[in-house]
Amino acid sequence: MVTDPVREETVRVGLLGCGNVGSALVRLIGENADLIEQRAGVHLEVNRVAVRNLARERDVPLPAGRFTHDAEAVVTDPDIDVVVEVIGGIEPARSLITEALKAGKPVVTANKELLANVGKELFETAEGSGVDLLFEASVAGGIPLIRPLRESLAGDRIRRVIGIVNGTTNFILTRMTEEGSSFQDALAEAQTLGYAERDPTADIEGYDAAAKAAIIASIAFGARVVAGDVYREGIAEITDHDIASAHDLGYVVKLLAVAEELDGEVAVRVHPAMIPVHHPLAAVRGSFNALFIEGDAVGELMLYGRGAGGGPSASAVLGDLIDAAKNLTSGGRGATIGALGRRRARPIDEVESQFYLLMEVADQPGVLAKIADQFGRHAVSIKSMQQRGIGADARLIFVTHRAREADLRATVHALRDVDVVHRVGSVLRVLGDED
Ligand SMILES: NC(=O)c1ccc[n+]([C@@H]2O[C@H](COP(=O)([O-])OP(=O)(O)OC[C@H]3O[C@@H](n4cnc5c(N)ncnc54)[C@H](OP(=O)(O)O)[C@@H]3O)[C@@H](O)[C@H]2O)c1
């Protein structure tokens, strides 16, 4: 049977930024041109590219004449149909995207920082102009997450999303767990391999994950959540003792981004946590990312893959670009972000978790009773206790049942004043092991 050839329309792309993601995107568009035309019926042509430094050599199959350092000229060019922003940061990305949307041009962006801070304003501008603003690559790079949340799961009620969304910290924690590396050595290795920036603060302290968590919560719960709403702790304080205790208790330590809906409120946080070795997220090693989604109807769902890197991120950007191009040529629109309502962000003090605590204590009779008394007074119930070492080296390891953060904090505070407690070392949340 002979089928009609798919009608092919050329969509002219204006690219803002040609670094890791931008250059991989240009190459992918070139390599997969036939595939894209066959599958989507559009021909993508990167007509203009804005960069900061015109003299820089770039491994992309484009003539030099397509490059400019005038990003605004790309956006306003009447010969550009769709704009892709892969510059990063707030400005000039915010102004350029706004200008493109107001001119009726769909925009694809990979910019988590921008969306996590001023996403609402940009979505409203896109809505006002009736054009697409797509951002699949902004969370977890190559892993399709935004589209599954917005489209495939649009009819389900999402209860919780737990993500490993930062490859650098997952690499470091994996090295500490599997090779016994110290935090500093694992960080240095991540920097040598190019997984960590020279200034690793954004990754190590959880800022990068917090921006992604804000976007995840906004999409999963239709709520306006900005990066500043996200409670955040990084991994710099994780010690080899914590890693060893986790192993002994049947857990591994991961930096998690957790977005939950609790009685109509949203709780969004980023912190290291112990998860059971049999939890699917425990198997996410090295620089890989994953999202574990819990929905009423779908149950448990996990998405796994490369959360960063030019190729994986370009794959996600290109998916969005094809979507935007198809919508443009057909006169349609992708799934829109509806009104993002303000919901109460549940403060961390009111959130419940299980906890792991490590204490250095005097090795003498009556110690346990004094410690247990403090837990009891603050309504924190002990699930298990183990002793490690003897004499001056005696350490107690507790895992609690679910308790409010505020109660746990009060317990730790009180324990510091108990004479037989020399030191409360680490306190870590335990997730995925609900009693
Ligand atoms: N890299 C990843 O793995 C990854 C993953 C997911 C999402 N993202 C996001 O994707 C975006 C881009 O990341 P990237 O890693 O590709 O960054 P990058 O390698 O630093 O590239 C940034 C590009 O933007 C250009 N640029 C900077 N300021 C500009 C300006 N004022 N006008 C025009 N061009 C300008 C730079 O030009 P020059 O080349 O001349 O310096 C460069 O080509 C960021 O939002 C990032 O968060 C990245």
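Residues numbered from 1 in each chain as written. Predicted model: local features only at pLDDT ≥ 70, side-chain atom pairs only at ≥ 80, totals over all residues. Heavy atoms only, no water.

Take the overall build of the protein next. The helix and strand inventory of the protein stands at 14 helices and 17 strands. The C-alpha atoms of the protein give a radius of gyration of 25 Å, which matches the 22 Å a tight globule of 435 residues would have. By principal-axis analysis of the C-alpha atoms, the protein measures approximately 85 × 50 × 45 Å. Considering the protein as a whole, with its 435 residues, one finds that 54% of them fall into the buried category. Contacts in the protein between residues far apart in sequence, at least 24 positions, make up 73% of those at least 6 positions apart. (Helix = DSSP H or I, 4+ residues; strand = E, 2+ residues; numbered from the N terminus. Rg over C-alpha atoms; globule rule 2.2 N^0.38 Å. Buried < 20%, exposed > 50% of the residue type's maximum accessible area, 1.4 Å probe, protein only. Contact = heavy atoms within 4.5 Å.)

With that settled, consider the environment of G142. With respect to the helices and strands, G142 occurs in the loop between β6 (133-134) and α6 (146-152). On the basis of relative accessible area, G142 is assigned to the partly exposed category, the value being 24%. Distance from G142 to G307, taken between C-alpha atoms, is 5.6 Å for residues 165 residues apart in sequence. Residues in contact with G142, not counting those within four places in the same chain, are R306, G307, P312, S313 and A316.

The environment of the ligand is made up of 22 residues, and the closest members are C18, V21, N53, R58 and G309. In this structure, N20 approaches the ligand through a main-chain N or O atom, which is 2.9 Å from an oxygen atom. V21 is positioned with one of its backbone polar atoms (N or O) 2.9 Å from an oxygen atom of the ligand. (Near = heavy atom within 4 Å. Polar contact = N/O pair within 3.5 Å; in protein donor to acceptor, adjacent residues only side chain to side chain.)

Moving on to the pattern of salt bridges. Once the charged atoms of two side chains with opposite charge are near each other, the side chains can pair. Following the criterion strictly, the structure yields 36 salt bridges and no others. Residue R94 is joined to E121 by a salt bridge in which the shortest nitrogen-to-oxygen separation is 2.6 Å. Of the two residues, R94 is situated in helix α4 (residues 93-102) and E121 in helix α5 (residues 112-129); the sequence distance between them amounts to 27 residues. For R94, a relative accessible area of 27% translates into the label partly exposed. (Salt bridge = Lys/Arg side-chain N within 4 Å of Asp/Glu carboxyl O.)

This next bit is on the side chain of N166. Relative to the elements of secondary structure, N166 occurs in the loop between β7 (158-164) and α7 (167-178). Looking at N166, its side chain comes within polar contact range of the side chain of T169, at 2.8 Å. Only 2.9 Å separates the side chain of N166 from the side chain of D208, close enough to count as a polar contact. Other than its neighbours up to four places away in sequence, N166 contacts D203, D208 and N289.

Cis peptide bonds are those with omega within 30 degrees of zero, and the linkage from E91 to P92 qualifies with 10 degrees. With respect to the helices, strands and loops of the structure, P92 is situated in the loop between β4 (82-85) and α4.

Glancing now at the nonpolar core. With 83 residues, the main nonpolar core has I172 and L291 as its most contacted residues. Among all residues touching I172, those that are not within four sequence positions of it are F183, A186, L187, A190, I204 and I235. Counting 35 residues, the second-largest nonpolar core is a separate cluster that includes A24, V42, V51 and L318. (Core = buried A, V, L, I, M, F, W, Y, C linked by side-chain atoms within 4.5 Å.)

Okay, the sheet that holds strand β5 (residues 107-109) next. Pairing is parallel in the open sheet, where six strands are placed in the order β3-β2-β1-β4-β5-β6. Each edge of the sheet is formed by a strand with only one pairing partner; in this case those strands are β3 (67-68) and β6. Where α4 meets the sheet, its contacts fall on β1 (9-16), β4, β5 and β6, and the angle it forms with β5 comes to roughly 155 degrees. Contacts between helix α12 (residues 310-330) and the sheet are confined to β1, β2 (42-50), β4, β5 and β6, with β2 contributing the most and set at about 115 degrees to the helix. (Pairing = 2+ DSSP bridges. Axes fitted to C-alpha atoms, helices over the stretch in contact; angles between N-to-C directions.)

Topologically, N289 is positioned in strand β11 (residues 288-295). Look at N289 and you get buried, because its relative accessible area is 1%. Beyond its immediate sequence surroundings of up to four residues, N289 is in contact with A140, I143, I164, V165, N166, G167, V284, L303, Y304, G305 and G307.

Confidence along the protein averages 94 in pLDDT terms, with 97% of residues attaining 70 or more. The model gives residues 1-7 a pLDDT under 50, and that stretch makes four contacts with residues more than four places away or in other chains. (pLDDT = per-residue confidence, 0-100.)

Let us look at the pairing of β1. Relative to β2, β1 is paired through eight bridges, and the arrangement is parallel. Its bridge partner being in β2, V13 is matched across the sheet by V46. By the bridge criterion, four bridges tie β1 to β4 in an arrangement that is parallel. When the sheet's bridge partners are listed, V13 is paired in β4 with V82.

Below, the discussion takes up the packing of aromatic side chains. Considering all chains together, one arrives at four aromatic pairs under this definition. Ring plane angle 50 degrees and centroid distance 5.3 Å describe the contact between F123 and F135, whose orientation is recorded as tilted. Taken as a pair, F123 in helix α5 and F135 in the loop between β6 and α6 lie far apart in primary sequence, twelve residues in all. Residues F123 and F135 agree in their burial class; the two are buried. (Phe/Tyr/Trp six-rings, centres within 6.5 Å; stacked < 30°, edge-to-face > 60°.)

A packed helix pair is summarised by two numbers, namely the angle formed by the two axes and the spacing between the axes. Two numbers describe how helix α13 (residues 367-377) lies on helix α14 (residues 405-415): the axes approach to 9 Å, and their chain directions differ by 145 degrees. For α13 against α14, the interelement crossing comes out right-handed. In this structure, α13 contributes I371, Q374 and F375 to the contact, and α14 contributes T411, A414 and L415. Partitioned by chemical class, the residues of the contact of α13 with α14 number four nonpolar, two polar and no charged. (Left-handed = near helix turned anticlockwise from the far one by under 90°. Nonpolar A, V, L, I, M, F, W, Y, C, P; charged D, E, K, R; others polar.)

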